[in-house]
Every structure is written in structure tokens, then in C-alpha cells.
Amino acid sequence: MLLKQAGSSTQFHPPIVWSCLNGSYWLTEAVRKIKHSYANIIIISLGSMCVGGGDGVMRNLAISISTASSVPSREVEAPNNAVEVSSLKPNPSRLLPLLPMPFRVPLDPRGELQLAWNVSYTNQEIYMELRVAELRHGVVLGMSDRGELTNADLLVLWDSGTQSYFGDAWSDSKGHVSLDSQQDYDLIEAKQKAEGYYLLFKRPFSTCDPRDYVIEEGTVHIIYGFLDKPLASLEKLNLSKIRTGVQRVLMLRPDTPPPTLPPDVQMLDVVAPNVSIPNQETTYWCYIHNLPENLPKNHIVMYESVITPGNEAIVHHIEVFECSPDIPAVPGYSGSCDDKMKPKKLNFCRHVLAAWAMGAEAFYYPPDAGLAMGGPGSSRFLRLEVHYHNPLLISGRRDSSGIRLYYTPSLRRYDAGIMELGLVYTPVMAIPPKQHTFYLSGYCTSKCTQTALPSGGIYVFASQLHTHLAGRGVRTILVRGGKELEVVQEDQHFSTHYQTIRVLRKMVNILPGDVLITKCTYNTEDRSEPTVGGFGIMEEMCVNYIHYYPRTQLELCKSHVDQGYLQKYFSFINRFHGNDQCVCGEVSVTEQFSQLEWDEFTGEVLDSLFNTAPISMHCNQSTASLFPGDWEKQPIPAVTSVLKKPQYTCKRGTLRTN
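So, here's what we can say about the structure. (Residues numbered from 1 in each chain as written. Predicted model: local features only at pLDDT ≥ 70, side-chain atom pairs only at ≥ 80, totals over all residues. Heavy atoms only, no water.)

Moving on, we get to the overall build of the protein chain. Helix and strand counts for the protein chain stand at 4 helices and 43 strands. Across the 658 residues in the protein chain, those meeting the buried criterion constitute 54%. Taking the contacts inside the protein chain whose residues are at least 6 apart along the sequence as the reference set, 79% of them involve residues at least 24 apart. Taken as a whole, the protein chain presents about 28,300 Å² of accessible surface, with 50% of it coming from carbon and sulfur. (Helix = DSSP H or I, 4+ residues; strand = E, 2+ residues; numbered from the N terminus. Buried < 20%, exposed > 50% of the residue type's maximum accessible area, 1.4 Å probe, protein only. Contact = heavy atoms within 4.5 Å. Areas by Shrake-Rupley, 256 points an atom, 1.4 Å probe, with all protein chains shown as cover.)

Shown next, in the form of C-alpha cells:
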């Protein structure tokens, strides 16, 4: 494809197809002796890709740049480790067969960029296809720890004004971009179509390049940017100076085919009632949906999103909650979830039935299980919650997005259940201010699983992780006989802005006597006051909602530190800082935390308390009452053997993950 300047607009010559396989066109450069941690970014930019008006004729690889009026020749620097796009030779015999791209997500609010991908677990590679609706002088695509533009690993296709180049790159701590000496993106094909320009490329999960981002299970923060003018050299690019954005996805998905739906399956749409999307950046819209009266028991076997056409880049995530069966009636409501005038009974609609986030595919239950809907002990009221992300402040847009439930009256063998793991929502669990990393752990003890689980245990097939704004990572691990056995779910790049139900690649069998430990990572560097546990968005949670079968009466298996030991901590810290007038027990726990003098010692002692003091167990039945037994002052489960960190193999050796 040839970019041609015509006045102030950019025109495209007829499309061509080109390929670059096995990295044979990558050039070498001197290895930079810089120790740094980088994430992956792709920068893609086009100028003139071919000669002869797009006839597909490519020249042999050569790094050369001719003078252009738009970029003075004295400023043009030929990159010594990039592919000159116009030099690429097509090789039809080596082109891959048409690849299915089952996963896709719009990257920007306008829908100008769309990323689609497929996963090869056999080869430990991801195939990606980027569609650019209107390509000017370049595009940036990449990955970083939490969506930062700095310390990011990039791939670049950029236009110097006369030539176009493609290469693996990285950004430093100030956002300046450089080509990587190790090129790890393999460009397969580039093609102009009616709906935009398409790039097909692949990348290993791990490259053993310390500048590269390791693609692993959990959230991946994709960053992108647009180049609106030529670059004399890539080193002149600073990501802070161009139009950029971030999108979050789950790159690694299960590779098992979905089960077949039963022939008598029926559909129920729980959707917003033609809402006028507010012209503000963030809106949480709530709507009460009524199920038919006397609905008999059915099994939900699948659900998927229903997105109003044109709103794909604005509808960020959707959840459907079942209201408490103890509430006989919930008033109708359609409005902001944050409205202080909304009916208070909406707060009793917290039992998650379905959750979808941008980029997620349809959710299928295992063939032997379904989620009960209707029948005795259920509620006929559902609360729909839609998160609109509208950074462009678009007004006048109507929306009827939501969730489509597929259900069957032919009940499956097992009812599926949802169980809460982690920490109880209480201020006795707190995070000190100004912390780069602070951990809190919640326990489901062997005593609770021994009491509540059937002899054959339960099978966990999916989970939904949850924290609030300070959360950075969540990990639930199965412990049996004091030994860490396997990870149930982990996301070390977790974001509260991207929460969806994640299907496990392999079901996990939890047996009576097993221990489940849910550990959350927090960052409070931007806070001057302690952060306590609770329901508020500025308070914190540490939860994993596991989806499993067969359903049991165990609905909540969580813990918090013993309050008596917490009061001893307050007394000790106050005396240490010369405050002999301790108000322990006279004011709320939240106030006691806020009155402490927070220094490094105060935080370290709190961390020690949470890791050694006895815990109070909440081993709750579906009726919200405790199972019989003594659940106070329980010892923290001992772990005598920990799992080894996973290692990824690559051509240059083995890389151990963090």
C-alpha cells in the first residue's frame, strides 16, 4: 500500500499483500547495555510500501532513505534494526492458511482500531490481527504492566516521509522510543481491505528479552497510539506527544470447544431499556428486570452480551445480579447506580448471575451443570448494571445493551453454585498509606471445607476476581496437606476496571479438608490515609467468586483477623509512639486506624499481625448463618511447601516469571 500526500489529505494506492515469516528480515544492532524492565509495544507506520502503484513488486531488503520535501534529508536517519517495508518480498508458498480469530476487542472509543487474536498453546504463541480503519503515518500497539506509556515494549510500523519501517521497540521511563536489538514480532501479512488496513503477526508468550512483556493468564493492558506525521527517526518519537489510549483484555483463553446447547434452549434478554447514555466519561446504569411470576426451575447453560450496534466501544462491562429471595418485592428502577435517591432495596441485589467485560466471549456452563433460575428459593427480581465508558463525551446515543441468558427446562445433573472466597467486608482489614506493595490474605480453612463439602468435593470451572481501586493483583491457591497444590486463578495485572467471569483452562477439584488462600496485592502510594475494608469504592475488598458444581450449602468461606488481637496492635503502636491515652474500643476501628501515626514501623507490625494472628472464620450457609462449630480465634493455615514459579522456554533459554 502506498501512502500519497494529496493536499492535506492522505490517499491510498491499490492494495497489495506482503509477508515476512520466520523473522528472516530482522537486522542486528549493537546490544544496548541498559538494565531495565520493559513491556511490549508495537508501533506500526506506513509510508510507501511498494513500487509500481501497488502492483505487489517488492525490492530486496535494503536500508535506504531518499530525500522528501516533508522531511529534510539531513534529519532522516535510517534505522539499523528495522524492516524497510518496501523491501519485503511476498512468498505465497509460505503464507499461513486463513486463521480464525475468535477473540476480538475494539481498542479506542471511536472504533478506529480493532484487535483480534488466536492462541496456540502448543507453540506458546499468539497470532494477532490489527485492523486500522484509516491509516495515516503510523500506529502504536503494545503491552505494559498497567497500561503505562513508559517502560513499555512496542512494535512499530512508521513512515519516515519517503520509506516505511516495521520493528519491535520499547519505551524508556520518559516515554522515548527505541528499536529493540532483539526482534520478536513476526509479521505474516499486511493487506488493505474495504473496511481498513489489516496486519497479521505473531509473538511468543515469552521471548526471554528482559525488555519484553511476558504474556500470561490474567489481564493484559494493551496500549495504542496514532502517528499523524512522518518520523525522521523512531528515536524522535515520544509517546506522551501523540494520541494514545489503553484497553484491557484477557489474551490467554481456554482452547476447549464450547459444549452443545440442548434443543429446547430458550433465550431471555436482560437489557437496558433504550437508555440515553450520559455525556460523561463514566456511568454505571442500573435497571431492575422482573422475571415471570411462578417461573419454574430452569438451568442457565450459557450467556452472552447483547451490544447495541455502534456502541461496541462505549459499553465497557455488564453484570446481572439476582436479588435476595428474602426481599418479597423490589421496586422498578432505571437510572444511575450512584444516585442517592435510588431504592435502597437495590443494595440487596448482589448475587452474581452473569458478568461480561469488553472483549469477553460467550460463557458456557459445563455439560453436567447449569445455574438455577426460577423455582423455590429464588428471586424473580434481577438487577442489570451496565458500565458506560464515554471519554469522548458523546451525547444523544441510545443504548439497549445487556446480557442474553440461554436456559433450559431440561435440568442437568448438577446445580452450579457460586461461593465467595477471600476477606470479609470489614474495616478490621486495612492497608497502610503510601505503600508500593501490601498484601492481604483471606482463608477458607480445612475445618470449613471438611464441614461443608461432600465427600467427592466440588469442581471449580470459573471464577471472578474482585478488588476496588487500590487492588493490583489477586491469587487463589489450593493447599492440601500443607502443600500448595495448584493455582485456582491468578491475575498479577488485575484492574478493577476490567472484571469478568474467567473460565479455567482446567477444572480444579476441591476436597473436604482442603485450604483455599486468596491473596490480594495493593498499592496506596497516592493515599495519605489508611484504606480499610468495606463496600465503598475507596475502601477495599479481596474476593474470588468461584463458580463450581455440585452446589452445596457453603456460600461464603472467608476470614478476617481476630479483633482482640487487632486491639492489642492498636494499644502497642500507640504506646510505641508515646500515646498512652489509647482509645481502643471506644471509637470505631476505622477511626482507630486513622488516628495512628503511620510510619514504616507501624506498617510492618500491621503486616506481621495479619500474617500471624488468629483469624475469625465466616463459614456461612446460603441462609447467611454459620455452619455449626467454633469459628473464632482459628489458627492461620500452615503452608509447608510452596509451588515453584512457572518458567517459560524460548529460543534463548528459560525465563522465570515474577
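Having put the structure on the table, let's press on.
Moving on: the sheet that holds strand β19 (residues 282–290). Taking strand neighbours across the sheet as the criterion, the 5 strands line up as β22-β19-β26-β21-β23 in an open arrangement whose pairing is antiparallel. Here the strands that pair on one side only, and so sit at the sheet edges, are β22 (334–336) and β23 (351–357). Across the sheet, the mean angle separating the axes of adjacent strands is 20° when strand polarity is ignored. As defined by bridge partners, β19 adjoins strand β26 (residues 381–389) across 9 bridges and the pair is classed as antiparallel. Note that in β26 the partner of T283 across the bridge is Y388. (Pairing = 2+ DSSP bridges. Axes fitted to C-alpha atoms, helices over the stretch in contact; angles between N-to-C directions.)

Bringing the state of the cysteines into the picture now. Enumeration according to the criterion identifies 5 disulfides in this entry. Across a sulfur-sulfur distance of 2.0 Å, C323 and C349 are joined as a disulfide pair. Handedness of the C323-C349 disulfide follows from its S-S torsion of about 90°: it is right-handed. Here the residue C323 occupies a position in the loop between β21 (315–322) and β22, and C349 occupies one in the loop between β22 and β23, the gap between them amounting to 26 residues. Take C323: its relative accessible area is 2%, and that puts it in the buried class. Accessibility expressed as a relative area gives 0% for C349, which makes it buried. (Disulfide = S-S within 2.5 Å.)

On to the packing of helix α2 (residues 563–576) against helix α4 (residues 600–612). It is at 11 Å that the axes of α2 and α4 come closest, and there the two elements cross at 160°. By the criterion of interaxial angle, the relationship of α2 to α4 is roughly antiparallel. Relative to α4, the crossing made by α2 is right-handed. Contacts between α2 and α4 involve Y565, L566, Y569, F572, I573 and F576 from the first element and F601, T602, V605, L606 and L609 from the second. Of the residues assigned to the contact of α2 with α4, the class counts are 10 nonpolar, 1 polar and no charged. (Parallel < 35°, antiparallel > 145°, perpendicular 65-115°, else oblique. Left-handed = near helix turned anticlockwise from the far one by under 90°. Nonpolar A, V, L, I, M, F, W, Y, C, P; charged D, E, K, R; others polar.)

Within the structure shown, the criterion is met by 13 salt bridges. A salt bridge links D415 to K297; its shortest N-O distance comes to 2.7 Å. On the criterion of sequence distance, the pair formed by D415 in strand β29 (residues 414–415) and K297 in the loop between β19 and β20 (298–306) is long-range, its members being 118 residues apart. Among the residues examined, K297 registers a relative accessible area of 32% and is labelled partly exposed. Notably, a salt bridge pairs E490 with R475, separated by 3.5 Å at the nearest N-O pair. Note that E490 is positioned in strand β35 (residues 483–491) and R475 in strand β34 (residues 471–480), a separation of 15 residues in sequence. (Salt bridge = Lys/Arg side-chain N within 4 Å of Asp/Glu carboxyl O.)

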